[in-house]
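A closer look at the structure
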Amino acid sequence: MPVEDDDDGRPLPKLPPLPADPRWKLEHLPFLSAVSVALLLCAASVGFLTGGAPAALGAALGVLIVTVSYTVSTVVLAWSDTVRPELMMPLGLLTYVVKYVLFGVILAFGVSAEWPGRTAVALGIVAGVVVWTSVQAWWLTRRRA
């Protein structure tokens, strides 16, 4: 006796409807990018004034690393939530694993190098993390209000 199946031939289960406007998940990126560019210029200026050209390059590189890293995470998570929300966790974890492996390689290389801008890279990374996280938290609380 055949069993009736509601399967319409798709390999995936029925998905919930997509949000009416999924762009809100990325609407903070232009503002955060502008803040990151301003921070990059400030960090490079402070680096140049305190340690010359190598420190300026190092500070700017540190801020750039964080900006690219956080932007990639945001885009991957927003995309996966829009396409298939069940992919958010695995893709988010994969993105973080890849990012932190790359951070580890960069930091391992930076620690072993005798480049005079290596301390500035670390300070740029710290500044980038603090500023990006703070501005994103401010943006989200402003959006909720």
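Before reading on, note that the structure itself is shown above.
What counts as what
- Residues numbered from 1 in each chain as written.
- Predicted model: local features only at pLDDT ≥ 70, side-chain atom pairs only at ≥ 80, totals over all residues.
- Heavy atoms only, no water.
- Helix = DSSP H or I, 4+ residues; strand = E, 2+ residues; numbered from the N terminus.
- Buried < 20%, exposed > 50% of the residue type's maximum accessible area, 1.4 Å probe, protein only.
- Contact = heavy atoms within 4.5 Å.
- Areas by Shrake-Rupley, 256 points an atom, 1.4 Å probe, with all protein chains shown as cover.
- Core = buried A, V, L, I, M, F, W, Y, C linked by side-chain atoms within 4.5 Å.
- Expected span 1.5 Å × (residues − 1).
- Bend = angle between axes of the 7 residues up to and from the residue.
- Axes fitted to C-alpha atoms, helices over the stretch in contact; angles between N-to-C directions.
- Parallel < 35°, antiparallel > 145°, perpendicular 65-115°, else oblique.
- Left-handed = near helix turned anticlockwise from the far one by under 90°.
- Nonpolar A, V, L, I, M, F, W, Y, C, P; charged D, E, K, R; others polar.

Once that is clear, we can look at the overall build of the protein chain. Each helix and strand in the protein chain was counted, giving three helices and zero strands. Sequence-ordered secondary structure for the protein chain, helices as α and strands as β, is α-α-α. Residues counted as buried form 28% of the 145 residues belonging to the protein chain. Partitioning the contacts of the protein chain with sequence separation of at least 6, the portion at a separation of at least 24 is 72%. When the accessible surface of the protein chain is summed, it comes to about 9,900 Å², and 74% of that surface belongs to carbon and sulfur atoms.

The next thing to look at is the nonpolar core. If you look at the biggest cluster of nonpolar residues, it comprises eight residues: Leu 29, Leu 32, Val 66, Tyr 70, Val 121, Ile 125, Trp 132 and Val 135. Elements with a contribution of two residues or more to this core: helix H1 (29-83) and helix H3 (118-144). Each residue touching Val 135, except ones within four places of it in the same chain, is listed here: Phe 31, Leu 32 and Val 35. By size, the runner-up hydrophobic cluster in this structure holds six residues, among which are Ala 55, Ala 59, Val 63 and Ala 120.

This part takes up H1. The terminal C-alpha atoms of H1 lie 19 Å apart, and with 55 residues this falls more than 12% below the ideal 81 Å at 1.5 Å per residue. At Gly 51, H1 shows its maximal bend, which comes to roughly 150 degrees, and the proline Pro 54 appears one to four places after that position.

Running from amino to carboxyl end, H1 crosses helix H2 (residues 88-112) at an angle of 165 degrees, the nearest separation of the two axes being 9 Å. If you check the angle between H1 and H2, you find them roughly antiparallel. Taken as a pair, H1 and H2 cross one another with a handedness that is right-handed. Within the contact between the two elements, H1 uses Ile 65, Ser 69, Tyr 70, Val 72, Ser 73, Val 76, Leu 77, Trp 79, Ser 80 and Asp 81 and H2 uses Met 88, Leu 91, Gly 92, Thr 95, Tyr 96, Lys 99, Phe 103 and Ile 106. Looking at the contact of H1 with H2, its residues break down into 11 nonpolar, five polar and two charged.

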